[in-house]
Amino acid sequence: MEVIIAKTFEDMSRAAAKEVADILNAKPNAVLGMATGTTPLGLYKELAAMNKRGQLDFSHVMTFNLDEYVGLPVTHSQSYHYFMHENFFKHVNIPPQNINIPSGTTTNYRAFCEWYERRIQEAGGIDLQILGIGSDGRIGFNEPGSSLNSRTRLKTLAKRTIDDNARLFGDRSEVPIHAITMGVGTILEARRCILLASGKKKAAAIAAAVEGPVAGTVAASALQMHPSTKVFLDEEAAGELKMRDYYEWIQKKKPGAPAV
Ligand code: F6R
């Protein structure tokens, strides 16, 4: 894991956007794994601005979202379909048929999950997975206790997740209790991952994910086993890291390393 600590949310978002842009410039038909939530909003804004300036093309890109609430129609303002359309897809030139988001309204979840996994494979696998992190260390809706080999499936949300997300719904009772999510195993198969975190509320989860033991109780810690993950943080989210000096030393010295 490479840890990049930026001063602010905006700096973090710009650094992550550069990472995505580098990948798309090297492989214009890259397959991107997308996340929702407040954390990647700055990144999506940066990418949309690059697209608008003609610096980044999404016309050959394919996307797969991590997750979706069960039971919310795509028109619901808190559905991840709606979120992605409003905050990203409608601002870039990605063909609608290249967008994949798990269905929260299918009648056969098992069949849908198997199909979603197959579709990722048929697309050639995910080149870059974008991730946020929950305050309990979840990635996607892989709640504490998730198998580190898990695949796309239906999950029952933890009470803490429902509490975290209640702020976005009118009332806590409106937060769905189930979701469909890529598994930790699905995420680990992406060729590269970027994990973004911002704010004090994420500091403990980031310390556990980056420096704690690999454990199903902190799904993001599985990224320690991933060969190419970069963690983009702002100052507050980096607040509980013990090896910060070392991460900063690496960032300073890396440009001088021999090319591999
Ligand atoms: C989003 C997702 C979640 C979020 C996490 C953090 O698709 O899968 O794991 O990344 O809940 O959300 P924010 O960024 O709103 O703090």
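Presented here is an overview of the structure given in this document. (Residues numbered from 1 in each chain as written. Predicted model: local features only at pLDDT ≥ 70, side-chain atom pairs only at ≥ 80, totals over all residues. Heavy atoms only, no water.)

This part covers the overall build of the protein. In terms of regular secondary structure, the protein is built from eight helices and 10 strands. Its C-alpha atoms give the protein a radius of gyration of 17 Å, within 12% of the compact-globule value 18 Å for 260 residues. The principal-axis extent of the C-alpha atoms belonging to the protein is close to 55 × 40 × 35 Å. Relative to its 260 residues, the protein shows a buried fraction of 53%. Considering only contacts within the protein whose residues lie at least 6 apart along the sequence, 79% involve residues at least 24 apart. (Helix = DSSP H or I, 4+ residues; strand = E, 2+ residues; numbered from the N terminus. Rg over C-alpha atoms; globule rule 2.2 N^0.38 Å. Buried < 20%, exposed > 50% of the residue type's maximum accessible area, 1.4 Å probe, protein only. Contact = heavy atoms within 4.5 Å.)

All right, on to the sheet that holds strand E7 (residues 153-156) then. Pairing within the open sheet is antiparallel, and its three strands lie in the order E4-E8-E7. In this open sheet, the two strands that pair with only one neighbour each are strand E4 (67-69) and E7. Across the sheet, the axes of successive neighbouring strands diverge by a mean angle of 25°, strand direction being ignored. In this sheet, strand E8 (residues 178-181) lies alongside E7 in antiparallel orientation, the contact comprising four bridges. Residue pairing in the sheet places arginine 153 in a bridge with threonine 181 of E8. (Pairing = 2+ DSSP bridges. Axes fitted to C-alpha atoms, helices over the stretch in contact; angles between N-to-C directions.)

Hydrogen bonds between backbone groups are what pair the strands of a sheet, and the pairing can be parallel or antiparallel. With respect to topology, seven strands assemble into an open sheet ordered E1-E10-E9-E6-E2-E3-E5, the strand pairing being parallel. Looking at strand neighbours, the two that pair on one side only are strand E1 (2-6) and strand E5 (99-100), the edges of this open sheet. Bridge count for strand E9 (residues 192-197) against strand E10 (residues 229-234) is five bridges, and the pairing is parallel. Bridging from a neighbouring strand, isoleucine 194 pairs with lysine 230 of E10. Strands E1, E9 and E10 of the sheet are contacted by helix H7 (residues 203-211), whose axis makes an angle of about 155° with E10.

Close contacts around the ligand come from 14 residues, with Thr38, Thr39, Asp67, Gly140 and Lys202 the closest. In the environment of the ligand, an oxygen atom lies 2.9 Å from a nitrogen or oxygen atom belonging to the side chain of threonine 36. Look at the ligand: alone it shows 410 Å² of surface, and the protein chains cover 93% of it. Taken together, the residues of the shell around the ligand break down into three nonpolar, seven polar and four charged. (Near = heavy atom within 4 Å. Polar contact = N/O pair within 3.5 Å; in protein donor to acceptor, adjacent residues only side chain to side chain. Areas by Shrake-Rupley, 256 points an atom, 1.4 Å probe, with all protein chains shown as cover. Nonpolar A, V, L, I, M, F, W, Y, C, P; charged D, E, K, R; others polar.)

Here we take up helix H2 (residues 41-52). Helix length check: H2, at 12 residues, gives a terminal C-alpha distance of 16 Å against a target of 16 Å (1.5 Å per residue), a fit within 8%. For H2, the full list of buried residues reads Gly42, Leu43, Tyr44, Leu47, Ala48, Met50 and Asn51. The secondary structure elements touched by the buried residues of H2 are helix H1 (9-26), strand E2 (31-34), helix H3 (80-87), strand E6 (128-131) and E9. In the segment just after H2, glycine 54 is the residue with positive phi, at about 80°. (Expected span 1.5 Å × (residues − 1).)

The next subject is the side chain of asparagine 142. Mapped onto the fold, asparagine 142 is located in the loop between E6 and E7. In terms of polar contacts, asparagine 142 uses its side chain to reach the side chain of arginine 153, at 2.9 Å. When sequence neighbours within four positions are dropped, the list of residues in contact with asparagine 142 reads Ser150, Arg153, Thr181, Met182, Gly183, Val184, Ile187 and Ala219.

With that settled, the discussion passes to the pairing of E2. Both faces of E2 are covered, namely the face carrying Val31 and Gly33 and the face carrying Leu32 and Met34. In the sheet, E2 pairs with strand E3 (residues 62-65) via four bridges, with the strands oriented parallel. When the bridges of E3 are listed, methionine 34 appears paired with asparagine 65. In this sheet, E6 lies alongside E2 in parallel orientation, the contact comprising two bridges. Bridging from a neighbouring strand, leucine 32 pairs with leucine 128 of E6.

Turning to the environment of proline 258, a few remarks are in order. With respect to the helices and strands, proline 258 occurs in the segment after helix H8 (244-253). Its relative accessible area of 71% is what places proline 258 among the exposed residues. Through-space distance from the C-alpha of proline 258 to that of glutamine 78 is 47 Å; in sequence the pair is 180 residues apart.

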